[in-house]
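Listed below, chain by chain, are the residues.
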Amino acid sequence: MQFYLAAGAGDTLPRGRFRPVRAIYRLGPRLLSAAGNAPVQGGLMLVRDSRECGPAEVLARDILRECLRRNYDGVVLDWYHNSTDRGSLTAQMGQLCTQYERRLFVPERYASHAPHATVLLNTAVSGVAYNISKALKTLGDDVTLLTMTGRDFPAEYIQSQLCTAGIGTDWVKPRLKETPNSVVLYDGEGKRQIYCDLKDIQETPYDFPEDICRDADVVAACNINFNRPLLHQAKTLGKTVATDVHVLSDIHDEFNREFMSCADILFLSDEGIRGDYRDFLRALGDTYGNRIIVLGRGAEGAAMYLREESRIFALPAVQVGEIVNTVGAGDALFSGFLHHFARGYRPLDALARAQVFASAKIRVSGAANGFPAEEEMESLCREYTGRMEYYEV
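Here goes a summary of the coordinates provided. (Residues numbered from 1 in each chain as written. Predicted model: local features only at pLDDT ≥ 70, side-chain atom pairs only at ≥ 80, totals over all residues. Heavy atoms only, no water.)

1. A few points about the sheet that holds strand β14 (residues 265-269)
Each strand in a sheet pairs with its neighbour through backbone hydrogen bonds, running either in the same direction (parallel) or in the opposite one (antiparallel).
(1) Moving on: Across the sheet, which stays open at both edges, the 7 strands sit in the order β12-β13-β14-β15-β16-β17-β18 with mixed pairing between neighbours. At either margin of the open sheet sits one strand with a lone partner, and together these are β12 (218-220) and β18 (391-392).
(2) Moving on: The sheet contact formed by strand β13 (residues 240-247) and β14 spans 4 bridges and is parallel. Paired with T243 across the two strands is L266, which belongs to β14. (Pairing = 2+ DSSP bridges. Helix = DSSP H or I, 4+ residues; strand = E, 2+ residues; numbered from the N terminus.)

2. Looking at unusual backbone geometry
Negative phi characterises most residues that are not glycine, and trans characterises most peptide bonds.
(1) Moving on: Here the phi dihedral of D207 falls at roughly 65°; this positive angle occurs in a residue that is not glycine.
(2) Moving on: Position of D207 among the secondary structure elements: in the loop between β11 (192-197) and β12.
(3) Moving on: With phi around 50°, S310 is a residue other than glycine that occupies positive phi space.
(4) Moving on: With respect to the helices and strands, the residue S310 is situated in the loop between β16 (302-306) and β17 (311-315).
(5) Moving on: Among the residues examined, S310 registers a relative accessible area of 49% and is labelled partly exposed. (Buried < 20%, exposed > 50% of the residue type's maximum accessible area, 1.4 Å probe, protein only.)

3. Observations regarding the pairing of strand β5 (residues 74-78)
(1) Moving on: Among the 5 residues of β5, 4 are classified as buried, and the element is accordingly described as predominantly covered.
(2) Moving on: Sheet topology note: the strand β4 (residues 44-48)/β5 ladder contains 5 bridges and is parallel. Looking at the pairing, R48 lines up with D78 of β5.
(3) Moving on: Of the strand pairs in this sheet, β5 and strand β6 (residues 103-107) are connected by 3 bridges, and their pairing is parallel. Bridge pairing links V76 to F105 in β6.

4. Brief notes about the pattern of salt bridges
(1) Moving on: All told, the structure shown has 21 salt bridges when counted by the stated rule.
(2) Moving on: Note that D62 and R30 form a salt bridge whose closest N and O atoms lie 2.7 Å from each other. Remark: R30 occurs in the loop between β2 (18-26) and β3 (32-33) and D62 occurs in helix α1 (residues 56-69); sequence separation between them is 32 residues.
(3) Moving on: Look at R30 and you get partly exposed, because its relative accessible area is 45%.
(4) Moving on: The closest approach of N and O atoms between E378 and R353, which form a salt bridge, is 2.9 Å. Here E378, found in helix α10 (residues 374-384), pairs with R353, found in helix α9 (residues 347-361); they are 25 residues apart in sequence, far enough to count as distant.
(5) Moving on: You can call E378 partly exposed: its relative accessible area is 25%.
(6) Moving on: By sharing partners, the salt bridges in this structure join R30, D62 and R65 into a single network. (Salt bridge = Lys/Arg side-chain N within 4 Å of Asp/Glu carboxyl O.)

5. Some remarks on a nonpolar patch on the surface
(1) Moving on: A surface patch of nonpolar side chains, about 290 Å² in accessible area, is lined by V183, L185 and Y195.
(2) Moving on: Tracing the chain through its elements places L185 in strand β10 (residues 181-186).
(3) Moving on: Residue L185 is classed as partly exposed on the basis of its relative accessible area of 43%. (Patch = residues over 30% accessible without salt bridge, like charges linked within 9 Å, V, L, I, M, F, W, Y side chains within 5 Å. Areas by Shrake-Rupley, 256 points an atom, 1.4 Å probe, with all protein chains shown as cover.)

Shape descriptors only; they carry no functional weight alone.
Below you can see the structure in the form of structure tokens.
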């Protein structure tokens, strides 16, 4: 196995099979460099995307010329826009790198354009708790994250990313044998398959202090076993409990029943529902008495069940930019709603703003990337929420 690390020209790399990225370039009308004039021997050049770029044939020649001039071993294409221009540039780079015996590394979605290239898979810190915590922190909320990791390299990386995001790590406990991980596969339409390796997290208790959520406005409890005691602690203290059970096909689902019965605010996706979603939402509300139920419907938008009114409303989807990757959209919707609801917005207005937040997030690849900060969020809401009209269904 080879590892690819970003390293400066003067950095010392640990021993092992490492291939350093020596310099980062950016697309523009021509190739833009941040490398300066320092001599480079070996390693890789990383070419990052931008919204504005010149013709593919011009850029391909620029990239190859720089690669040969500095004697790089190869080129990493870091595209986040999905366009025919990027496909054409990838194809031309594939031909040139083969001709001049240079390695080429491309994102998975562009693998078909360069058959001899090495395909890159994105690796990053994510997961429901991390995604929600980072989203809420980005919006300016105070976040206390309670979770568990192992005592391994992924745990160290998680700690560093939490610190970078300004999220406290006092309650991130290294109790697991290994840190859980997952693989997410997705297509251009946003359909996904997720393979989770939870390690021993479902069997490991957390031991919550009795007053851990005393000062919380909202307790967002992910549907994982160690959170079950927290549900009842929060209910005893009269706290608003919110949970997302994600994909649900049976309202009496044994694993999620306790979470649904304790939730004041319940989120789920329509992916597992067979039949009329309105009947499903009413059955959920009648069974568990949730105050608010939000159903994420992907490209169709979202629906909301309001217990006090016994009514269901639909809200169409909004698109605030180019859709790059929909992974993490559900967590963004959940986070955006909690943020605005806790600040006093009416449920339907909070959902409209959450739709804008989620749509802005999916302009960027990565489940925990792309969350707009509060100032940008307010600007987007002024532009888009006026166009969104909810209606009763």
